[in-house]
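# A closer look at the structure
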Amino acid sequence: MPKWLKNAVFYEIYPQSFQDTNGDGIGDFQGIIDRLDYIKELGCNAIWMNPCFDSPFTDAGYDVRDYYMAAPRYGTNEDLKRLFDEVHKRGMHLILDLVPGHTSIDCKWFQESMKAEENVYSHRYIWSDSIWEGFEGINNITGSIRGISDRNGSCATNFFSTQPALNYGFAKPSKPWQSAADSQEAMATRQAMKDIMAFWLGLGCDGFRVDMAASLVKGDEDGKANIALWNDIRAFLDEQFPEAAIVSEWGQPDQSLKGGFHMDFLLHFGPSRYLDLFRTEHPYFSREGKGNIKAFTDKYQEYVDSTNGKGLICIPSSNHDMPRLGGLLDEEEIKLVFAFLMSMPGAPFVYYGDEIGMRYQKDLRSVEGGFDRTGTRTPMQWNSGVNAGFSSAAPERLYISIDPDPNRPTVEAQMHTEGSLWKEVQKLIVLRMEHPALQSSAPVRFLYAQEHAYPFVYIREQEEEKILVLINPSSKDASCNIEITDNGQVLYSNHGTAFCENGTWNVPAESATFIRL
Ligand code: NOJ
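Owing to the predicted nature of the structure, the values given are computational and were not obtained by experimental measurement.

The rules behind each value
- Residues numbered from 1 in each chain as written.
- Predicted model: local features only at pLDDT ≥ 70, side-chain atom pairs only at ≥ 80, totals over all residues.
- Heavy atoms only, no water.
- Buried < 20%, exposed > 50% of the residue type's maximum accessible area, 1.4 Å probe, protein only.
- Helix = DSSP H or I, 4+ residues; strand = E, 2+ residues; numbered from the N terminus.
- Pairing = 2+ DSSP bridges.
- Axes fitted to C-alpha atoms, helices over the stretch in contact; angles between N-to-C directions.
- Contact = heavy atoms within 4.5 Å.
- Salt bridge = Lys/Arg side-chain N within 4 Å of Asp/Glu carboxyl O.

What follows covers the pairing of strand 2 (residues 46-49). Burial along strand 2 is two-sided: the residues Ala46 and Trp48 and Ile47 and Met49 are all buried. Relative to strand 2, strand 1 (residues 10-13) runs parallel, the two being bridged by four bridges. Bridge pairing links Tyr11 to Ile47 in strand 2. Where strand 2 meets strand 5 (residues 93-98), three bridges bridge the pair, whose relative direction is parallel. Bridge pairing in strand 5 links Trp48 to Ile95.

Rendered as structure tokens:
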């Protein structure tokens, strides 16, 4: 495990919407450089930046045209290198978004692959033998591209119909056109991806968030073939770039961490029960108090048990694919979300703007394949100036329009207001950085996590330090009995302090307390 993951707290930047410095209405690398001190002041020491490579942007950059070139709208490769350097100067790390499962239709590899004449890219993608034969029912294939190539055959897609699937083979090939996962052509694709990783790591990035990591080998029902593939890539990294970190968009740590990923996300899809926390009809962290934390902790415990402490399970505040916390929960509720995120194992991921409770914008017209995700990708709200300080462009030229509410939250206002969400998030990150028991690898033990009940209590332990966390998001005071009855030293409390009396813990409504035992 790279050393820097021990206490990494990530900040996710969607580069389009973070900070524009050249007035074109779209964020850029210079804008990110200008805001690094801000991210550092918040307390985050690592950054995940969404795709920034050359692309026609039919899926916000998850449709790469050239893996070796920064998208000109963000800057040049030299600017990106400067960003890495500026990040490192501040003792921080930055991971890029690697999209290994598919490219853009405009990618040179695909243009070559479509040709009738056999060439080195003919098998770079998954093609059937005949235009009339598709891929219905094959796991990890979403559809097909047909009728636009000179060669005969349909090409599998990995996500949108503009995203042809790269060929990493099939777990159990059953047709002549299906390569084995260790065939020459599948290994050539794998090598191409390793070369891309080596290129950017060589330039100074610190690792990758890996898009749709479980999707590469097709027809892989139990995930074993993809696990094997990623173990091979991890071995390559360990040998050549031991400080490089990889985090998967997999959503099943029981598989991904066995595949050698250092970290995996709990996500809004898949079996992880992440949605029970903040995003179901009755989320646990809502003050209405009807949530079910046990559904979450049971699954979480299963993941911990099956991975035996190997790798990190990461809980994001939101990301660019799901509704923001702001809009689902209010500022006071979100403070408790952060008390939870900053006191759980794994590396926390803060989606830009969640630290001020930026709100999901409903009913926006889709931008760059965002569809309902567009409302989560609006420009960062820095201040009360023009375009909330995001850009000097005319408002109609902005990448996505800004939250029109005159009372929209801003960084400037919250950084200067005692008791703001921003201040609370900062306080919680500082606390995490000061206490090894709160950091990534210290185990968690759930002490009170009952079906449809409040509070939620767990303990984090590392060497000499033990920290008890008691959270009650509901609007009613709650109590519980656990094995610990020591009032200890209060390290943090928000909205009242939990205390133990006659063997029973009393946890005030809408509160969070951290106690050192
Ligand atoms: C997951 C990414 O997070 C999402 O934004 C993208 O559209 C798909 N993968 C396809 O790459």
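Read across the sheet, five strands follow the order 13-14-15-20-17 without closing on themselves; strand pairing throughout is antiparallel. Lying at the two open borders of the sheet, with one neighbouring strand each, are strand 13 (444-448) and strand 17 (489-494). Shown here is a sheet whose adjacent strand axes are inclined to one another by a mean of 20°, direction ignored. For strand 15 (residues 465-472) and strand 20 (residues 511-516), the ladder comprises six bridges, and the chain directions are antiparallel. Residue Asn472 lies in a different strand from strand 20, and its bridge partner there is Ser511. Sheet strands in contact with helix 12 (residues 421-434) are strand 17 and strand 20, and its direction is about 155° off that of strand 17.

A few words now on the pattern of salt bridges. All told, the structure shown has 36 salt bridges when counted by the stated rule. Where Glu86 meets Lys89, a salt bridge forms, and the shortest distance between an N and an O atom there is 2.8 Å. Linking Glu86 with Lys89, this pair stays in helix 3 (residues 77-89), spanning three residues, or about one helical turn. Since its relative accessible area comes to 64%, Lys89 is described here as exposed. Residues Asp321 and Arg373 are paired through a salt bridge, measuring 3.1 Å at the closest nitrogen-oxygen approach. Taken together, the residues span a long stretch of sequence, with Asp321 in the loop between strand 11 (312-314) and helix 10 (331-341) and Arg373 in the loop between strand 12 (349-351) and helix 11 (411-415) at a distance of 52 residues. On the basis of relative accessibility, which here comes to 15%, the residue Asp321 falls in the buried class. A relative accessible area of 12% means that Arg373 is categorised as buried. Linked by salt bridges that have partners in common, Asp37, Glu86, Lys89 and Arg90 make up one network.

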